Amino acid sequence: MASLSATSLSFKAPSIQSTRIYQVLRKPSSFQSISFGRFQSSKSLRLQISCAAKPETVQKVSDIVKEQLALSADTALTAESKFSALGADSLDTVEIVMALEEKFNISVEEADAQNITTIQEAADLIEDLVQKKPAA
């Protein structure tokens, strides 16, 4: 049994302590999706929480990707657009990340940069880094 409100998630399961979940979800966030399920093979409960970046962040990332890859203005991009499907090689991806760092005044760790394959992943990472950045 599970229920979701704006800032909390609660459910009853014999193998999960609700206080642990509360500690993880204390910070208010806007959740795009929350899913969980029990798998008979492992007999454990799996919880997945995804936070979506703001549409304006996704749009800024899309604009930078178009510019870096020299795509025409009428090229349709979605949050799920993969850099590789747009013709980007590894050097292009590095240049995209560098442009994002400059635009958003952030620093992306190499390990994080290697995991960015879509516009949505880039936008989510940017918002996470901007949120963690100390106030000036």
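Residues numbered from 1 in each chain as written. Predicted model: local features only at pLDDT ≥ 70, side-chain atom pairs only at ≥ 80, totals over all residues. Heavy atoms only, no water.

A. Region of interest: the environment of V58. Counting through the fold element by element, V58 comes out in helix α2 (residues 55-68). For the pair V58 and Q120, spaced 62 residues apart in sequence, the C-alpha to C-alpha distance is 6.4 Å. Setting aside chain neighbours within four positions, we find V58 in contact with A53, A79, I119, Q120 and A123. (Helix = DSSP H or I, 4+ residues; strand = E, 2+ residues; numbered from the N terminus. Contact = heavy atoms within 4.5 Å.)

B. Region of the structure containing the side chain of D92. Within the fold, D92 resides in helix α3 (residues 90-104). Buried within the structure, D92 lacks any salt-bridge partner; K82 is the closest side chain of opposite charge, at an N-O distance of 16 Å. Discounting residues that sit within four places of it in the chain, D92 has contacts with L69 and G87. (Buried < 20%, exposed > 50% of the residue type's maximum accessible area, 1.4 Å probe, protein only. Lys, Arg positive; Asp, Glu negative; His and termini not counted. Salt bridge = Lys/Arg side-chain N within 4 Å of Asp/Glu carboxyl O.)

C. Structural view of the side chain of Q120. Note that Q120 resides in helix α5 (residues 119-132). Of note is the side chain of Q120, whose polar atom sits 2.8 Å from the side chain of D124. With residues up to four places along the chain from it excluded, the contact list for Q120 reads A52, A53, V58 and A79. (Polar contact = N/O pair within 3.5 Å; in protein donor to acceptor, adjacent residues only side chain to side chain.)

D. Structural detail: the packing of α2 against α3. The contact between α2 and α3 brings their axes to 10 Å, and the two run at 135°. For the element pair α2 / α3, the angle class is oblique. Between α2 and α3 lies a crossing of right-handed hand. Across the interface between the two elements, T57, K60, V61, I64, V65 and Q68 from α2 touch E95, I96, A99, L100, K103 and F104 from α3. Taken together, the residues that form the contact of α2 with α3 break down as seven nonpolar, two polar and three charged. (Axes fitted to C-alpha atoms, helices over the stretch in contact; angles between N-to-C directions. Parallel < 35°, antiparallel > 145°, perpendicular 65-115°, else oblique. Left-handed = near helix turned anticlockwise from the far one by under 90°. Nonpolar A, V, L, I, M, F, W, Y, C, P; charged D, E, K, R; others polar.)

E. The arrangement of α3 in detail. Its 15 residues give α3 an end-to-end C-alpha distance of 21 Å, which sits within 8% of 21 Å, the value for a rise of 1.5 Å per residue. The N-cap of α3, judged by a side-chain oxygen 3.1 Å from the amide nitrogen of L91 a few residues on, is D89. Positive backbone phi, at 55°, marks N105, one or two positions downstream of α3. (Expected span 1.5 Å × (residues − 1).)

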